[in-house]
Number of protein chains: 2
Amino acid sequence: MPENTPTLKEIARRLNISVSTVSRALHDHYSIGLRTKMRVKKLASELNYEPNQTAIFFKQKKTFMIGVILPNLSQDFFAAMVNGIEDVAYKNNYTVLLCQSRDDQEREKQLVAAMRSHRVDGVLISIAKNTTDYGHFELLQRHKIPVVFLDRIPKMPDIHYIASSLGAGMQQAVDFLLKKKHRRIALINGPEHLPASQERLEAFRQALWHKRRKYDPSLVVSSDLSKEGSGKAMQQLLDLKHTPDAIITFNDYVALDCLQYAKRSKSGGIGNVSIVSFANEPICDYMDNAPIASVEQFPYLQGEKATRLLLQLLEKETGRNDDVAVHELLQPQLVIHRPA
Amino acid sequence: MPENTPTLKEIARRLNISVSTVSRALHDHYSIGLRTKMRVKKLASELNYEPNQTAIFFKQKKTFMIGVILPNLSQDFFAAMVNGIEDVAYKNNYTVLLCQSRDDQEREKQLVAAMRSHRVDGVLISIAKNTTDYGHFELLQRHKIPVVFLDRIPKMPDIHYIASSLGAGMQQAVDFLLKKKHRRIALINGPEHLPASQERLEAFRQALWHKRRKYDPSLVVSSDLSKEGSGKAMQQLLDLKHTPDAIITFNDYVALDCLQYAKRSKSGGIGNVSIVSFANEPICDYMDNAPIASVEQFPYLQGEKATRLLLQLLEKETGRNDDVAVHELLQPQLVIHRPA
DNA sequence: CTGTTAGCGCCTTCAC
DNA sequence: GTGAAGGCGCTAACAG
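For the rest of this paragraph, the subject is the relation of the copies chain B and chain A. Superposing chain B onto chain A requires a rotation of 180 degrees together with a translation of 0.1 Å along the rotation axis, leaving an RMSD of 0.2 Å. This pairing of chains is accounted for by a two-fold axis. Comparing interface residues between copies, 100% of those in chain B also sit at the interface in chain A, which points to an isologous, same-surface contact.

Here it is, written out as structure tokens:
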């Protein structure tokens, strides 16, 4: 920190008044005379005085910072989520401490520790895909630091969260494909241990059952969500005696990787398989070879809602702590890119 | 901040020793007996003690935070840059305060004020596209807060920056197209007031001149970088009597928007125009209809280098301040996607 | 080896 | 209307 950064004390010294007068003047306290107030404000702006937040935080025991931990920022989905978060946070004079877990549990733990250390007022998290130990989240709970999970939710009791209803999205996807006369609908799911995968699978079965179609386990394969993993999963489907005529994928990236794989491996026949996916990433708009439909999960809205909820929890904290777990499942919406 | 957050004082009280002993024990100070050290560490971890950074910052006059202001995070280019920044910062125990200016000058100014207020040790900035007033940057300079600009650089004297050489990139692009026997190469540039546009135009002319080709101003048009703007720019080229047989675009997004526009407006003839662009965004890998080549500008590397430079400046600050402006222009590399 | 003390910048209570 | 004093959690002299 540069030596010459102006402080209240410095302003007070130059004006030959006391520190508390300066403080009050800058805060427009009613008891300060107009003349002094003007003199103080003038000098403050001349010196480009900026209150030292580190001191204020320290004193107030409140940082007006919210920590945000997301798996990554390169997916448009999370980038949009950040925008929703930032917009609400800034409007309420909170600063956002934004970090990427890179989908790594260890890093996520470190980041949670950093958040605690920085004394953020609350935390928003979308958990890493390989996070199975929830100790770090429990720690936050135990220390009464409000947490709101979004989109990727741990299986823990009594947590606050905002997410998109995978069940509803899956139902829409299945209905859409059935209406298009597709008979053999496959599912390329994520890793089996992922709650998000389990939910999708369950919803997939339910959606079929709901329409009185029978569920064929050989049509369900898993990708580890890497490019290669998705290629392998696709190959598994291509190897079937009865190849599917439609595929629902875990998300758009999986869909793109699968399509690319199919194309490059020149596997004829399945070329015009219809794919429906999740996320509705904007890049799909540029592709010829994109999913024909995708489940929009409104990441921006999720970010907004989660942040509003968190801020509410922060307000309430001063009062008594009625620990009601709040959660909301947003209604997703199937967006149709091409009629095919 | 929750009431029961453990402090040094609390640990000291429980162990009936002094606060400073606790502090030293946790810092592995040589003068503390092994026994006490163990007792302290044990209790600290039982209580999940996390040092209060806000107090440490306040005391040390150093936050170990670096502020990062980028135009946005949804472009892969900047997301990759963030990764480079984070990786270096974390390795050196710095926290990153990451913000988006959303390409808005006003927001950028607010963010700079917030950075000053948070007393970040230094700042990394890629400036918003409409930033023309540099007052907020000068303020940082004046208050001796080290700043390193990356990729999008303001026209200011004596600044530190890391960027990619647009001149070299443009030369590679032009050479590539000429070698492919293209005769009429157009340029779809960004807004004229942008330094980055001016540089590209200048480099374009030089690159042509260098190969003894004549420069035809009617082949240079501007996009405001929006989807519509790029469409309009494309239309201008389509309206020419002699349409170009190759186009160099400001970046990949412009290229994609132009291609999409051309396709949707069914403007025959120019369908197979060759496009070369800047940025080499990974999404292009998924497209059939992508630029045939793109200038890779190594955003991750830029992030790394800029952060290293900033950390160097922070080290030096304790010493005397020899204000030599450091800058580095990275060599970009034309990546060829398709031979066409 | 360990304890005591002072002070970082700011806000707040109390006193004038 | 204004000033003086205390304290937030921590570190770093200076004492023992």
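That was the structure; now back to the text.
This paragraph deals with the protein's contact with DNA strand D. In the vicinity of DNA strand D lie 22 residues, with A:Ser20, A:Thr21, A:Ser31, B:Leu8 and B:Ser20 positioned nearest. Those elements giving two or more residues to the surface near DNA strand D turn out to be α2 (19–26) and α4 (53–60) of chain A together with α1 (8–15), α2 (19–26) and α4 (53–60) of chain B. When residues in the surface near DNA strand D are grouped by element, the largest group, four residues, is from α4(B).

Before going further, it helps to examine α4(B). Of the positions making up α4(B), those classed as buried are B:Gln53, B:Thr54 and B:Phe57. For α4(B), the angular spread of buried residues about the axis comes to 105 degrees, placing them on one side. As for α4(B), its buried residues are in contact with α4 and α6 (105–118) of chain A. Phi turns positive one or two residues past the end of α4(B), at B:Lys61, with a value near 55 degrees.

Residue placement: B:Lys227 occurs in helix α10 (residues 227–238). As a C-alpha pair, B:Lys227 and B:Gln171 span 56 residues in sequence and 26 Å in three-dimensional space.

Residue and element names in this part refer to chain A. By the secondary structure assignment, His-193 is in the loop between β6 (185–189) and α9 (195–210). A residue is classified by how many C-beta atoms lie within 10 Å of it, and His-193, with 11 of them, is exposed. Separated by 32 residues in sequence, His-193 and Leu-225 place their C-alpha atoms 13 Å apart.

Right, let's talk about the packing of α2(A) against helix α3 (residues 34–46) of chain A for a bit. Residues and elements named next belong to chain A. The interhelical angle for the contact between α2 and α3, taken along N-to-C directions, is 85 degrees, at an axis separation of 9 Å. Viewed along their axes, α2 and α3 adopt a mutual orientation that is roughly perpendicular. In this structure, α2 uses Thr-21, Val-22, Ala-25 and Leu-26 to contact α3, whose residues at the interface are Thr-36, Lys-37, Val-40, Lys-41 and Ala-44. By residue class, the composition of the contact of α2 with α3 is five nonpolar, two polar and two charged.

Inspection of the region around DNA strand C gives 24 residues, with A:Leu8, A:Ser20, B:Ser20, B:Thr21 and B:Ser31 positioned closest. Counting residues per element, the ones that place at least two in the surface near DNA strand C are α1 (8–15), α2 and α4 of chain A together with α2 and α4 of chain B. Residue composition of the surface near DNA strand C, by class: ten nonpolar, ten polar and four charged.

Conventions used here
Residues numbered from 1 in each chain as written. Chains lettered and ligands numbered in written order. Predicted model: local features only at pLDDT ≥ 70, side-chain atom pairs only at ≥ 80, totals over all residues. Least-squares fit on C-alpha atoms with pLDDT ≥ 70 in both. Contact = placed C-beta atoms within 7 Å. Near = placed C-beta within 6 Å. Helix = DSSP H or I, 4+ residues; strand = E, 2+ residues; numbered from the N terminus. Buried ≥ 20, exposed ≤ 12 C-beta atoms within 10 Å, placed from the backbone. Arc of directions from axis to C-beta. Axes fitted to C-alpha atoms, helices over the stretch in contact; angles between N-to-C directions. Parallel < 35°, antiparallel > 145°, perpendicular 65-115°, else oblique. Nonpolar A, V, L, I, M, F, W, Y, C, P; charged D, E, K, R; others polar.

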